[in-house]
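Per-entry structural report
So the chains spell out like this:
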Amino acid sequence: MLSLTVNIRIPRTVWDLPREDYFVGGHNLCAGCTAGTIVRNLLKVAGPNTIVVNATGCLEVSTSLFPFTSWKVPWIHIAFENAAAVASGVEAAIKVLKEKGKIDPNKKINIIAIGGDGGTFDIGLQALSGMLERGHNVLYVVYDNEAYMNTGIQRSGATPYKAWTTTTPVGTIMRGEWRDKKDIIGIALAHKVPYIATANPAFLLDMDKKFAKALQIDGPSLIHVLMACTTGWRFDPKLGIKISKLAVETAVWVNLEYNYGKLEVTTPVPKRKHVREYLKLQGRYSHLTEEEINDIQERINRKVEEINRAVGKEVIGPLA
Amino acid sequence: MKSRESLPSWYELPIGGISRPNITPESKAGWRFEKPVIDNEKCIRCRLCFLYCPDAAIVESDEKYTTKTGKTYNVSYKINYYFCKGCGICAEECPVKAITMVPEV
Amino acid sequence: MTQVYKSKSLATLSSNKAVAKAVGQLDVDVIAAYPITPQTTIVEELAQMVANGEVKAQYIHVESEHSALSAVVGASIAGARTFTATSSQGLELMHEILHITSGLRLPVVMAVPTRALSAPISIWNDHSDIMNARDTGWIIYFVSSAQEAYDTVIQAYRLAEDREVLLPTIVSYDGFLMSHTYEPVVIESSEDVIEFSPKTWKGYIEEGAVAIGTLASPDYYYEFKYQQVEAMKNALRKAEIIDRDFYKKFGRKYGLVETYRTEDSEIDLLVTGSIWSSLKLAIDKARSDGLRIGGLRLRLYRPLPIDEIEKILAGKEVLVVIDKAISYGLRVAGPLANEIYTNLQSPVKIKSVVAGIGQRTVTHEDLYKVILHVYKNKDSPGFTKHTLFYGVRGVEFDG
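Heads up: these notes are all about the structure in this document. (Residues numbered from 1 in each chain as written. Chains lettered and ligands numbered in written order. Predicted model: local features only at pLDDT ≥ 70, side-chain atom pairs only at ≥ 80, totals over all residues. Heavy atoms only, no water.)

The interface of chain B with chain C comprises 14 residues on the first partner and 20 residues on the second. Together, the buried faces of chain B and chain C total about 1,600 Å²; carbon and sulfur atoms form 62% of this surface. When the area that chain B buries against chain C is broken down by residue, the three leading residues are W10(B), I15(B) and R20(B), summing to 37%. Summed over the shared surface of chain B and chain C, the result is zero salt bridges. On inspection of chain B and its partner chain C, the count reaches seven residue pairs in polar contact (both at pLDDT 80 or more). Broken down by class, the residue content of the side of chain B that touches chain C amounts to eight nonpolar, four polar and two charged. (Contact = heavy atoms within 4.5 Å. Buried area = accessible area lost by both parts, 1.4 Å probe. Salt bridge = Lys/Arg side-chain N within 4 Å of Asp/Glu carboxyl O. Polar contact = N/O pair within 3.5 Å; in protein donor to acceptor, adjacent residues only side chain to side chain. Nonpolar A, V, L, I, M, F, W, Y, C, P; charged D, E, K, R; others polar.)

Now the structure itself:
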């Protein structure tokens, strides 16, 4: 079993990543869409012996307009809510075809399911739960742009507190989303998934290391990646990576991993920035009053306390 | 603009809408209103712009380059203007500001 | 209990178990199914066969029917021979994937022991679930005995995987009436079965990078759908050839439309499924009264073998189509009656009869009463355009 996993190497520097691209240009993703960055890096780590199952969403629609395709690996799109179920089927087929000698049993084939936050947290949750619970050898990557962006910026289960979306708009009575983000990591933990991680494209090497680690595991893994959306979050296309970085620096996003249940915060933040630095760059938060910003800061403070307690030491420091 | 009549017939198309990555997509150059220009003198070959670009529009090659101050690099970077959308992430993230966005004429 | 079938043998099997036996002998690779009455014994049997090592397959315990067909689609794309089974609500839940499976031209075979649709919830048999899958682009067989179920599954894989067809196939039969009743079934040798339906499907990803399930703009979508139209035409041709080849190898023949005493009949009745045996008894009784009655059993539903039906009906006066499903809001409320009437070019009169809804019992005596009723009233004006809902309490029936 172990011999199948040695083909994936964990990169130690950016120069360990191959030059070869298996996700190429010419697609219709928005200019400055960080999904492109995430998927390019994912496929650099995974390599050509990969089958990608993609749920309906921004990524799928922009990269597969017949007769073009941006994917230089086998790529399957079936429907919105079943990326995990289809990936389960592909994995089972590869397994049995190897047993029957139709595929070289020593060939390592990565099976990666990619879904957006909508296709994973909401409509795809059932299929995800089934796949994780059954223990298929599939890496599930969620690219989280915090709303149903493809259909026009509607609220999803991943939309954060106070964010503007077209279905949680800002008016005289309501001020954007009033509920917190769904905790997909907690859900994955409940399924006893061996490797769970959160990642951020601004921290390339950390993200790529996590992709590699997950692909080495013989079992299910889930990586939740922040995907800053220039169109939906309302910011200048060039700021995608900068905003992603600020998300970590303000502890809005925490880069962590659960390796067989053991928690580690992989990007410690010794001195935190005020969440204002993150919010002020995004049009979807432009309606916030000073009071509301402080409310958001309070919630982050509480979250940071919880994480530090869970880890056992102060990995995320106080406000600078 | 191709007219619909000149597109393949039902028996010429692959079944089921299957496509292969051997057809070059249309250029995205028309999306830009400004384009990046790399200054080979300032570039320290950190590889970040190459890895960040969402469109794989920065090409890394084994072209050697020696700066005016005598430093030699074994790789160089070029922008693929066919695919570049002018998003500006490369210029924003370059740690030495070796990339500038110039207006697309 | 490991049994490898080296030669023909006789067994007592329900239609469900016969299907499971056939699927096992066909060396299926991936099975993904979600339990629903009355399909459960198919997958239970298959699970036991996998547990015994009789069948080398991956059994995915999916968490819904939607995921069942999705997993099977994924496996089929990867090149596996696949199988799933469902009924009623399960078939409805996986409905969007039905269209996708045929759109992607995957040779999936699915067994559907038919069951009435909610609401109110009913676990008993009628054809409403299968009628809802009519336009999904799947090949649909209706079988009427356990032996035929076993044989048709073998034929179905060969038809589905044929290079000129490549369409998913449903083998359906009456839930409970057939799925749970036992009949003698001849089991062929595993070698012969695989020889008849060799595994020719290689999937789509063998040759490297490929995008499956692309977005098709108005410039392309229509052509892809037309490909399915042409594939259905091929399926009609091939189904006949495969049935003939099956007869040559195994000695059992079914055809696409089975007939009974139609050579000199004036009035014909068309049915599908297990009601066929009752119909034959009713026809015999009517014949002994001097009435010239014949019967047709439709075996292949999609694609509809309308040419063959037309030939049989040449010169006949009335065709009575007995449906076990309702198309609400139409004068001709039986879906099968509707389709045959619209597709026929001959001038025969069609009478739609709806019976057996929710497994309301229909005996050969009921069918005899229907025959007499039709014979008596066939020339009254408006008779043929009005649907007879047979067996509903409160609906008048003079007969």
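Now for the interface of chain A and chain B. On the side of chain B, 36 residues touch chain A, which itself brings 36 residues to the contact. The three residues of chain A that bury the most area against chain B are W15(A), R19(A) and F68(A), which together make up 22% of that side's buried surface. Note that D62(B) is salt-bridged to R19(A), the shortest N-O span being 2.8 Å. Summed over the shared surface of chain A and chain B, the number is 16 residue pairs in polar contact (both at pLDDT 80 or more). If you list the elements that add at least two residues to the side of chain A that touches chain B, you get α1 (34–46) and α8 (240–249) of chain A. Top contributing element to the side of chain A that touches chain B by residue count: α1(A), with five residues. The class makeup of the residues in the side of chain A that touches chain B is 20 nonpolar, nine polar and seven charged. (Helix = DSSP H or I, 4+ residues; strand = E, 2+ residues; numbered from the N terminus.)

Each regular strand shows side chains that alternate between the opposite faces of the sheet. Residue and element names in this part refer to chain C. The alternating pattern of strand β4 (residues 82–85) places T82 and T84 on one face and F83 and A85 on the opposite face, and all of these are buried. Pairing of strand β2 (residues 30–32) with β4 involves two bridges; the strand directions are parallel. Pairing of I31 across the sheet is with F83, part of β4. Pairing of β4 with strand β5 (residues 109–114), which is carried by three bridges, proceeds in the parallel orientation. Paired with A85 across the two strands is A111, which belongs to β5. (Buried < 20%, exposed > 50% of the residue type's maximum accessible area, 1.4 Å probe, protein only. Pairing = 2+ DSSP bridges.)

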